[in-house]
Amino acid sequence: MDMKTTVQQTADHLFQNYRRAPVAFSHGKGARLYGLDGKEYLDFIAGIATSSLGHAHPALVQAITEQASRYLHVSNLYYIPEQTKAAMLLTERAGSAGLGRAFFCNSGAEANEAAIKLARKWAKATKGQGPFEIIVTHNSFHGRTLATVAATGNPHYQEGFEPLPAGFKFVPYNDLAAAEAAITPPSVCAILMEPAQGEGGVIPATKEYLQGLAALCKKHNLLLILDEVQSGIGRTGTLFAYEQYGIQPDVVTLAKGLGGGVPVGAVLARDSVAAHLVPGTHGTTFGGNPLATAATAAVLETIQKEGILDNVKARGEQLVAGLRRLHDKHGVVEEIRALGLWSGVDLTIDAGPLVEACMNRGLLINAVRPRTLRIAPPLVTTAADVDAALHVLDDAITSVKAAAAPA
Ligand code: PLP
């Protein structure tokens, strides 16, 4: 199907709930995507921090192909060796923080939904009848289901969907005193937060804040639930962002990069917490199905085998150094926040025209806020890819500035 037909038929037949850029692709390789228009693109958004191994990584292609040729799905009525293997790989890495068990689902929202249900069950069993509240932060994003929208600290995602599920208490991010003041036993049972707010503009928690939250949770017997849907699976240079904070969460949620593009989410939890989801309390037909978890295992093994975390650190430093040069050169680049291969770049101008100018020049990035760019390339991005992307960005900024300058 050509581009024109695709655009027309999309307009005619799909819900119009997405704002799409006028481009579609035929295939990809590494950090490159090839458009139906015949153009080559550098994919520096990676399906919103999701295509962790880039496009058509041989190990992922082989794992999916091999799995598809045997069986795709059987449901959790039966044992699923691929799911067990993926759980072992995840909990081996997260085990030092005591996260010994995994539950698989299909998306980030579902992972958070499960974590919220888990927190309530745990609290009812260990603290009393409730009802219980979970402390969440302003400017957060936890998903689009009703409970995760209710937990999201941005009214834009909530408007029109009321009544929202109750039980969430909002506090400002990176404000330890506010979190402490919100802990009002016996009603509060957990704190749910992102170690770095992705949709909020790539805003990392400070060490003092996250360590302080962990200490508060210990002191008041609350669960610390970290939403690592966007920050997890190597994005920040460690498999989990929390590893850089020297803390031990009780529950971690994952999705996005976990399947390298195959839809899969997961909740990791301490044994004593996971124990509260007994048979019949929670589940999903597709969750942890053989295809999704074969992909998960391939992603985790490849990250390990190919030293991808070292690449994230090196390419991340290269990208930030280049962004700093653009900051020095162009007045419009205000602030750069970066963790591994994940950057938020605040601008003094609207981000939309710059994203478009980049796309026209073959670079895909997105505007996470009206004046903030998000750059999140695949974790396998090469040094040459980063140089090429910086070159395009430099050129695009120059052209957008020139267009905006008074005649
Ligand atoms: N949590 C965080 C931190 C996210 O960034 C996202 C998606 O952007 C979600 C949850 C929701 O994930 P999904 O879109 O897979 O439901």
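If you're wondering where the values come from, they're calculated on a predicted model, not measured in any experiment. (Residues numbered from 1 in each chain as written. Predicted model: local features only at pLDDT ≥ 70, side-chain atom pairs only at ≥ 80, totals over all residues. Heavy atoms only, no water.)

Thoughts on the pairing of strand S5 (residues 133-137)
Our working definition: Think of it in three bands: with a 1.4 Å probe and only protein chains considered, a residue is buried below 20% of the maximum accessible area for its type, exposed above 50%, and partly exposed in between. Labels follow the DSSP assignment, with helices taken as runs of H or I lasting at least four residues and strands as runs of E lasting at least two, numbered in each case from the N terminus. For two strands to count as paired, DSSP must find a minimum of two bridges between them. A right-handed crossover is one whose linking path, passing over the helix from the first strand to the second, runs clockwise when the strands point away from the viewer.
Judged by how many residues are buried, S5 sits mostly within the fold: 4 of 5 residues are covered. As paired strands, S5 and strand S6 (residues 168-171) are joined by 4 bridges and run parallel to one another. Bridge pairing in S6 links Ile135 to Lys169. A crossover connection joins S5 to the parallel S6 through helix H6 (residues 146-151); in handedness this β-α-β unit is right-handed.

Some words on the site of the ligand
For clarity, the threshold we go by: Nearness here has a simple test: a residue counts as near a molecule or strand if at least one of its heavy atoms is within 4 Å of that partner. Each polar contact in these results corresponds to two N or O atoms within 3.5 Å; when the atoms are within protein, one needs to be able to donate a hydrogen and the other to accept it, and residues that are neighboring in sequence are counted only if both atoms are side-chain atoms. Each accessible area value is a Shrake-Rupley result obtained with a 1.4 Å probe; residue values ignore everything except the protein chains displayed when judging cover. In this count, Pro and Cys sit with the nonpolar residues alongside Ala, Val, Leu, Ile, Met, Phe, Trp and Tyr, while Asp, Glu, Lys and Arg are called charged and the others, Gly among them, polar.
Near the ligand you find 13 residues, and of these Gly108, Ala109, Asp227, Gln230 and Lys256 are the closest. In this structure, Ala109 approaches the ligand through a main-chain N or O atom, which is 2.8 Å from an oxygen atom. Gln230 is positioned with one of its side-chain polar atoms (N or O) 2.7 Å from an oxygen atom of the ligand. Protein coverage of the free-state accessible area of the ligand, which is 390 Å², stands at 82%. Among the elements that line the shell around the ligand, the one with the most residues is helix H5 (residues 108-126), at 3 residues. The residue makeup of the shell around the ligand, split by class, is 3 nonpolar, 6 polar and 4 charged.

Let's talk about the domain arrangement of the protein chain
Let me state the cut-off plainly: Where each domain begins and ends follows an automated or database-derived domain assignment. Accessible surface is computed with a 1.4 Å probe, and the buried area is the amount of it that two parts give up when combined, taken over both parts together.
The assigned domain composition of the protein chain is domain 1 (3-56 + 307-404) and domain 2 (71-305). For domain 1 and domain 2, the distance between their C-alpha centres works out to 27 Å. Here domain 1 packs against domain 2, burying approximately 2300 Å² in sum over the two surfaces, 58% of which is carbon and sulfur. Viewed at the interface, domain 2 and domain 1 are joined by 14 residue pairs in polar contact (both at pLDDT 80 or more). The element that contributes the greatest number of residues to the side of domain 1 that touches domain 2 is helix H11 (residues 308-329), accounting for 4 residues. Counted by class, the side of domain 1 that touches domain 2 contains 15 nonpolar, 8 polar and 4 charged residues.

With respect to the environment of Pro279
Here Pro279 shows up in the loop between helix H9 (271-274) and helix H10 (290-305). Note on Pro279: relative accessible area 83%, which makes it exposed. Taking the C-alpha atoms as reference points, Pro279 and Asn366, 87 residues apart in sequence, are found 42 Å from one another.

Description of the packing of aromatic side chains
Worth spelling out the cut-off: Pairs were defined over the aromatic rings of Phe, Tyr and Trp, the Trp ring being its six-membered one, requiring ring centres within 6.5 Å. Orientation was assigned from the angle between planes: stacked under 30 degrees, edge-to-face over 60, tilted for the rest.
Following the criterion strictly, the structure yields 4 aromatic pairs and no others. Pairing Phe25 with Tyr41 gives two aromatic rings, centres 5.7 Å apart and planes at 90 degrees, and the pair type is edge-to-face. Linking Phe25 in strand S1 (residues 25-29) with Tyr41 in strand S3 (residues 40-43), this pair joins segments that are 16 residues apart in sequence. Taking the relative accessible area as the measure of exposure, Phe25 reaches 32% and is therefore partly exposed. Judged by relative accessible area, Tyr41 falls into the buried class, the value being 3%. Between Phe240 and Tyr242, the aromatic rings sit 5.5 Å apart at their centres with planes inclined by 10 degrees, giving stacked as the arrangement.

Digging into the layout of surface pockets
This is how the line gets drawn: Using protein atoms alone on a 1 Å grid, points that fit a 1.4 Å probe yet trap it form a cavity, whereas open point sets bounded by protein on both sides within 12 Å along at least five of seven lines form a pocket; residues with an atom within 4 Å of a point count as lining. Grid points are joined across faces, edges and corners, and a volume is the space filled by probe spheres set on the points.
Its volume calculated, the second largest pocket comes out at about 850 Å³. Lining the second largest pocket are 30 residues; nearest its centre among them are Gln83, Ala102, Phe103, Phe104 and Leu277. Counting residues per element, the ones that place at least two in the lining of the second largest pocket are helix H4 (81-94), strand S4 (101-105), H5 and strand S12 (265-269). Ranked by residue count, the leading element in the lining of the second largest pocket is H4, at 5 residues. Class assignment for the residues of the lining of the second largest pocket results in 18 nonpolar, 11 polar and 1 charged.

Observations concerning the packing of H4 against H10
Heads up, the condition is: As a rule, the C-alpha atoms of each element are fitted with a line to give its axis, helices using only the stretch in contact, and angles between N-to-C directions run from 0 to 180 degrees. Crossing handedness is read from the near helix: turned anticlockwise from the far helix by less than a right angle, it gives a left-handed crossing, and turned clockwise, a right-handed one. The contact definition used throughout considers only heavy atoms, calling two residues in contact when any of these lie within 4.5 Å.
Where H4 contacts H10, the axes come no closer than 8 Å and their chain directions differ by 35 degrees. Two packed elements cross with a definite hand, and for H4 against H10 that hand is left-handed. Listed contacts from H10 to Glu82, Gln83, Lys85, Ala86, Leu89, Leu90 and Arg93 of H4 are Pro290, Thr293, Ala294, Thr296, Ala297, Leu300, Glu301 and Gln304.

Points about unusual backbone geometry
Put simply, Gly130 and Pro131 share a cis peptide bond, and its omega is 5 degrees. Relative to the helices and strands, Pro131 resides in the loop between H5 and S5. Cis peptide bonds are those with omega within 30 degrees of zero, and the linkage from Glu162 to Pro163 qualifies with 5 degrees. One non-glycine residue with positive phi stands out, namely Ile48, at about 60 degrees. You can see Ile48 is positioned in helix H2 (residues 46-49).

As for the pairing of strand S14 (residues 343-347)
Taking burial as the measure, the 5 residues of S14 include 5 buried ones, the bulk of the element. Strand direction decides the pairing type here: strand S13 (residues 333-338) and S14, joined by 5 bridges, are antiparallel. Its bridge partner being in S14, Arg337 is matched across the sheet by Gly344. Counting the residues that bridge the hairpin from S13 to S14 gives 4 residues, and of these Gly340 lies at a positive phi of roughly 55 degrees.

Some thoughts on the sheet that holds strand S7 (residues 188-193)
One key point about sheets: their strands pair by backbone hydrogen bonds, in either a parallel or an antiparallel sense. Taken in spatial order, the 7 strands make up an open sheet running S4-S12-S11-S10-S7-S5-S6, and their pairing is mixed. Edge positions in the sheet fall to S4 and S6, since each of these pairs with one other strand and no more. Across the sheet, the mean angle separating the axes of adjacent strands is 20 degrees when strand polarity is ignored. Alignment of strand S10 (residues 223-227) against strand S11 (residues 251-254), held across 3 bridges, turns out to be parallel. Each bridged residue has a counterpart across the sheet, and for Asp227 the counterpart in S11 is Thr253.

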